[in-house]
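# Close look at the chain arrangement
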Amino acid sequence: MTKVNTKLDRRSFLKVSALAGGGMMLSFSWLAGCKPTVEEELGLPKEWFELNSYIKIGENGAVTLYSPNPEFGSNVKTSMPMILAEELDTDWKNVWVEQADFYPERFDRQFTGGSQGIRMGWTPLRTAGATARAMLVAAAAQSWNVPANEITTSAGMLEHKGSGKKANYGEMASLAATLEVPEEVELKDINDFKIIGQSKKNVDGQKIVTGKPLFGIDHKVEGMKYAAIVHPPAFGMRLKSFDKSSVMGMSGIQDVFSINVFKDDYVQNFFDTTTFPEIIAIVGNSTWEVMQAKKNLVAEWEKAPETKIAMAGFGGNSMEVTVPAGLENSSSHKSRMAEFLKKPGTVVRKDGDPEGMFKKAAKVIERTYSAPFLAHNTMEPMNCFADVKGDRAVIYGPTQAPEFIMGTISSSLGIPRENIQINLARMGGGFGRRAYSHHMVEAALISQKIQAPVKMVYSREDDMSAGVYRPTYSATYRAALDENNNLLALHVKAGGIPESPLHANRFPAGALDNYLAESWDIPSNITIGAFRAPRSNFIAGAEQSFLDELAEEMGKDPIDFRLELLKRAETDPVGSNNDYDPKRYAGVLQLVKEKSNWSQAQSNIHRGVSAYFCHNSYVAEVVDTVIKDNKPVVESVYAAVDCGIVVNPDAAANMGEGAIVDGIGNAFFGELAFNNGAPTKTNFDTYRMIRQKESPKKIEVHFVESTENPTGLGEPLFPPVFAALANSLYKATGKRYYEQPFAPQLEMENLRM
Amino acid sequence: MAQFNLNVNGKTQQVDVDPSTPLLWVLRDHLDLVGTKFGCGIAQCGACTIHLNGTAVRSCQLPVSAAEGAQITTIEGLSENGDHPVQQAWMEHDVPQCGYCQAGQIMTAAALLQQNPNPSDEEIENAMNGNICRCGTYLRIKAAVKTASQKL
Ligand code: FES
Ligand code: FES
């Protein structure tokens, strides 16, 4: 089915529905052949009636809900429709969920990242559901000639008690679709929720466990070609030349050419992060053949000079960004970062007289923490399908941020946006990596060149060496104590390559009379991007490890010490710019204390605690390790989470468990190093990922009961694990762990990793 | 190029490919069985796991020439209606996050239970250790394997 890309007034879904009338099928289905359960249960309706962009109802009562945001595993494809279904007041078992295409005229904010999907979608989705419900009620009122306010709904049924009239939504859908959109609708009282807060299974679960084509990499059309790419072997290098004849005779190879990702005059946006703006593309008849040709291709590379890039700034201005020349090494990264132990940074926050306090301190504790670059390593490597013919393009692939790449695709192809359709594939992981979607531009340019549909797939080695990494960071914490071990002042100086991880106004800022925060950064040509809880994923570990050491020095229980600081921030905050709520922060610490039985310590179990606030949510975690057969084993992890209302509790717990496993894996093993600009690891034989055996034996995720609107969840459980693990390993081994990854240091303690 | 007769999910299929082509790509590109996934290409991640005569193998390292004559089972052929006890247990525990690794996990688990219907925790961990899940669903995988073992 083709998509109708009629330009419609942007005033959200309300206007669209009035125009749409009956049964417009929007999405062209990529999943032909998959049998949806609703079809099986109710049968396919003869006609669909569209109530707004998100909702259409068949005459038989079947409901299709469009999930607007790209799905990368956080299960928004289930939880966003749950919000719609709740306010629509329909029966979940009659709901059939479809992934919406990228269609900004109809859907707001089709972006997955920053843990904001549910938070930002909460009110729009509830309103969309409630509006559709109100239109069904109005249709029933008109048909039955009774007042609308006497009609009740429940599980997809309309009822007028006075007259005894009843109908299902399907019977009223055709009339409802023609009615005026109400200007105001009432949302449910949260105590009346029937779907939100009740665990619902992943709507794609059956398709996943039976291996149905769900991902971009699975897509295929008649006459499709396959493409592989070859990019420079190191950061700071660029293409000089290549020998076409080195592969042209090979079996199944059709063409080899280079492509330029950006047009010369293109002003890049913040998400136009591409390490190698010129790459070589090899096109052929199958994935294996183009991958074989890749190995044979003879190419010459040269050192890239310093380059300047025009970057769109705020208010329509563009600024110039410099990419330095040079082949960088991890050893020199470390020494350059270490220079900031002595050099000052930029002061980003100062309360009281921290310098004075350090001068008169009886004792100063100073500790430096660091972490390496990390690769996202989504399980599904970067790939994309593109079909560009003449002045039209269809792109289907994994992206978290279609809006951010649309302009780039349009500029690079020289095709107006209206003629480009981006369809959203389920992603085999994202973690921030697919907010940068230049694989889509690359596939589109390849298809444009050959004027045929193409699927481009990165090898794992391409994927791991293409950049957009989590930066490397370092942070030095200092504490001034008086002779009675009272905390006089705290100083943090943090930075990284190429960005600083510091959030200067977060806890413990606001809880200390004398506080100094300094920030620095070092430029690099190694590209970085958002990685699950950017910046927080490092600074939380440093800060919460330091607070643990400080509590010990001061002779305090680590939870009590944090609670004391939070009490101070609550009752008598220092400064006015503290971006956390101390009460909710303390709430998760208290909950984790209770759930982990913190007060009942067991002698052979080594416990560490940590708490952090990010993405509008509060998380505290306790990690228990034991040493078994000379091996540190994470026995249990307890997490307490305050993210407001939880839409889909079991799926939320699943994601929380995943974030904890991810954190433990990266704390133990995660590391990407560089030698002369080239990543030293390019596949899973050397880049160690956490596996089943190293996974915690038990994880409990507890949610604070809340009536607050939902906040972030995909990221907030990740940052605190690093310190909870480090603090627990300290108890287990008597050694503090300042440098990630921990595994090499644990091995030096004669432990097996 | 050479012709190969493959027995995939109980059906004989003919393909004309280079003999060195890994079975993974034959399944995905030539037979349109895309449930078997590409993750690393070097037998490190398990995303491409299939059954060869009932044993779990990495199809990215198995040349098509070595698969001729063997019974090949992919995720699509694990059960007729998607109701293999392992698949059911996966649904019950709502294991997947992104879902990309799960076909490989399920194929490894099904082969394990075929050989050892009642594995201990340690045996499950050992058998499943070759399958990376970047989303970190390991605990649910383990729980689902146990549930499936009770139903077998
Ligand atoms: S793709 Fe075969 S083991 Fe990773
Ligand atoms: S569910 Fe995403 S890799 Fe396993």
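Residues numbered from 1 in each chain as written. Chains lettered and ligands numbered in written order. Predicted model: local features only at pLDDT ≥ 70, side-chain atom pairs only at ≥ 80, totals over all residues. Heavy atoms only, no water.

## Describing the packing of helix α14 (residues 536-553) of chain A against helix α18 (residues 719-733) of chain A
Residue and element names in this part refer to chain A. Closest axis-to-axis distance for the α14/α18 pair is 7 Å, and the angle between their directions is 35°. As for the relative orientation of α14 and α18, their crossing is right-handed in sense. Contacts between α14 and α18 involve Ser-536, Asn-537, Ala-540, Gly-541, Gln-544, Ser-545, Asp-548 and Glu-552 on the former and, on the latter, Pro-719, Pro-720, Phe-722, Ala-723, Ala-726, Asn-727 and Tyr-730. The class makeup of the residues in the contact of α14 with α18 is 7 nonpolar, 6 polar and 2 charged. (Axes fitted to C-alpha atoms, helices over the stretch in contact; angles between N-to-C directions. Helix = DSSP H or I, 4+ residues; strand = E, 2+ residues; numbered from the N terminus. Left-handed = near helix turned anticlockwise from the far one by under 90°. Contact = heavy atoms within 4.5 Å. Nonpolar A, V, L, I, M, F, W, Y, C, P; charged D, E, K, R; others polar.)

## A word on the sheet that holds strand β22 (residues 487-497) of chain A
Strand pairs in the sheet, formed through backbone hydrogen bonds, run parallel or antiparallel to each other. Residue and element names in this part refer to chain A. Reading across from one edge, β15-β23-β22-β21-β16 is the order of the 5 strands in this open sheet, with mixed pairing throughout. In the strand order of this sheet, the two ends are held by β15 (346-351) and β16 (363-371), each with one partner. Pairwise comparison of adjacent strand axes, ignoring direction, gives a mean angle of 10° for this sheet. In terms of strand pairing, β22 meets strand β23 (residues 515-521) through 7 bridges, oriented parallel. Pairing of Val-492 across the sheet is with Ala-517, part of β23. The sheet strands contacting α14 are β16, β21 (472-481) and β22, and the helix crosses β21 at an angle near 25°. (Pairing = 2+ DSSP bridges.)

## Notes on the interface of chain B and chain A
Taken together, the contacts link 53 residues of chain B with 62 residues of chain A. Summed over both partners, the interface of chain B with chain A buries about 4,900 Å², with 55% contributed by carbon and sulfur atoms. Put simply, chain B and chain A have 7 salt bridges between them. Arg134(B) is the salt-bridge partner of Asp662(A), the closest N and O atoms lying 3.1 Å from each other. (Buried area = accessible area lost by both parts, 1.4 Å probe. Salt bridge = Lys/Arg side-chain N within 4 Å of Asp/Glu carboxyl O.)

## Here's the deal with the domain arrangement of chain B
Residue and element names in this part refer to chain B. Its domain assignment divides chain B into domain 1 (2-77) and domain 2 (85-151). Summarising the inter-unit geometry, the C-alpha centres of domain 1 and domain 2 are found 21 Å apart. Domain 1 puts 17 residues into the contact, and the matching count from domain 2 is 13 residues. The tally of links from domain 1 across to domain 2 stands at 5 residue pairs in polar contact (both at pLDDT 80 or more). When grouped by side-chain class, the residues that make up the side of domain 1 that touches domain 2 number 6 nonpolar, 9 polar and 2 charged. (Domains from an automatic or database assignment. Polar contact = N/O pair within 3.5 Å; in protein donor to acceptor, adjacent residues only side chain to side chain.)

## A closer look at the domain arrangement of chain A
Residue and element names in this part refer to chain A. The domains assigned to chain A are domain 1 (2-209), domain 2 (216-308 + 382-457) and domain 3 (534-752). Taking the mean C-alpha position of each, domain 2 and domain 3 sit 38 Å from one another. Contacts between domain 2 and domain 3 engage 4 residues on the former and 6 residues on the latter. For the pair domain 2 and domain 3, the summed buried surface comes to about 270 Å²; carbon and sulfur atoms form 64% of the total. In terms of surface lost to domain 3, no three residues of domain 2 exceed Pro-233, Ala-234 and Phe-235, which account for 86% of the buried area on that side. At the boundary of domain 2 and domain 3, one finds 0 salt bridges.

## Details of helix α5 (residues 169-176) of chain A
All names here are of chain A. Of the positions making up α5, those classed as buried are Tyr-169, Gly-170, Met-172, Ala-173 and Ala-176. Along the long axis of α5, the arc covered by the buried residues comes to 160°, so they all point the same way. Its side-chain oxygen at 2.7 Å from the backbone nitrogen of Gly-170, Asn-168 defines the N-terminal cap of α5. (Buried < 20%, exposed > 50% of the residue type's maximum accessible area, 1.4 Å probe, protein only. Arc of directions from axis to C-beta.)

## Focus on the sheet that holds strand β26 (residues 631-642) of chain A
Residues and elements named next belong to chain A. One open sheet holds the 4 strands; their spatial order is β24-β25-β26-β29, and the pairing between them is mixed. Of all the strands in the sheet, the pair left with one neighbour each is β24 (606-614) and β29 (698-703). Taken pair by pair, the neighbouring strands of this sheet meet at an average axis angle of 15°, ignoring direction. Packed on one face of the sheet, helix α17 (residues 649-668) meets β25 (617-628), β26 and β29 and runs near 130° to β29.

## Let's talk about the side chain of Glu657(A)
The topology assignment puts Glu657(A) in helix α17. Assessed through its relative accessible area of 12%, Glu657(A) is described here as buried. Contact partners of Glu657(A), with chain neighbours within four places excluded, come to Ile699(A), Val701(A), Gly136(B) and Arg140(B).

## As for the packing of aromatic side chains
The description of an aromatic ring pair uses the distance of the two centres, along with the angle that the planes make with each other. All names here are of chain A. Within this structure, the stated rule accounts for 31 aromatic pairs over all chains. Ring geometry for Phe-270 against Phe-271: centres 5.6 Å apart, planes inclined by 85°, an arrangement best described as edge-to-face. Given a relative accessible area of 64%, Phe-270 falls into the exposed group. On the numbers, 6.5 Å between centres and 75° between planes, the contact of Phe-373 with Tyr-469 is edge-to-face. In this pair, Phe-373 is assigned in the loop between β16 and β17 (383-389) and Tyr-469 in the loop between α13 (460-465) and β21, connecting sequence segments 96 residues apart. Side by side, Phe-373 and Tyr-469 carry an identical accessibility label, which is buried. Aromatic ring contacts, followed pair by pair, group Phe-111, Phe-270, Phe-271, Phe-404 and Tyr-436 into a single cluster. For the cation-ring pair, Arg-532 lies above Phe-718, with the distance from its terminal atom to the ring centre recorded as 5.7 Å. Positioned above the aromatic ring of Tyr-730, the side-chain terminus of Arg-736 is 3.7 Å from the ring centre. (Phe/Tyr/Trp six-rings, centres within 6.5 Å; stacked < 30°, edge-to-face > 60°. Lys NZ or Arg CZ within 6 Å of the ring centre and 35° of its normal.)

## Description of the environment of Ser447(A)
All names here are of chain A. Mapped onto the elements, Ser-447 comes out in helix α12 (residues 438-450). A relative accessible area of 0% means that Ser-447 is categorised as buried. Along the chain, Ser-447 and Val-646 lie 199 residues apart, while their C-alpha atoms are 43 Å from each other. Beyond its immediate sequence surroundings of up to four residues, Ser-447 is in contact with Ala-386, Asp-387, Val-388, Ala-452, Pro-453 and Val-454. Side-chain polar atoms of Ser-447 contact the backbone oxygen of Ala-452, separated by 2.7 Å.

## Focus on the nonpolar core
Membership of the largest hydrophobic core comes to 101 residues, with the highest contact counts inside it found for Ile664(A), Phe668(A), Leu717(A), Leu725(A), Phe742(A) and Trp90(B). If you tally residues by element for this core, the top one is α17(A), at 9 residues. For Leu717(A), the contacting residues outside a window of four places in its chain are Val619(A), Glu621(A), Ala639(A), Val641(A), Gly656(A), Ala659(A), Ile660(A) and Val701(A). The next biggest cluster of nonpolar side chains, apart from the first, holds 52 residues, and it includes Ala371(A), Ala494(A), Ala504(A) and Val622(A). (Core = buried A, V, L, I, M, F, W, Y, C linked by side-chain atoms within 4.5 Å.)

## Side note on the UniProt feature "domain: Aldehyde oxidase/xanthine dehydrogenase a/b hammerhead" (unreviewed entry) in chain A
Feature annotation in UniProt places "domain: Aldehyde oxidase/xanthine dehydrogenase a/b hammerhead" (unreviewed entry) on residues 210-305 of chain A, given in this structure's numbering. Secondary structure across residues 210-305 of chain A divides into 15% helix and 35% strand, with the first and last C-alpha atoms of the span separated by 50 Å. (UniProt positions renumbered as here; feature names shortened; annotations may be inferred.)

## Points about α12(A)
Residue and element names in this part refer to chain A. Look at α12: 19 Å from first C-alpha to last across 13 residues, which is about the 18 Å you get at 1.5 Å a residue. α12 sits mainly inside the fold: 11 of its 13 residues count as buried. Along α12, the positions that sit buried rather than exposed are His-438, His-439, Met-440, Val-441, Glu-442, Ala-443, Ala-444, Leu-445, Ile-446, Ser-447 and Ile-450. Immediately beyond the C-terminal end of α12, within one or two residues, lies Gln-451, with a positive phi of roughly 50°. (Expected span 1.5 Å × (residues − 1).)

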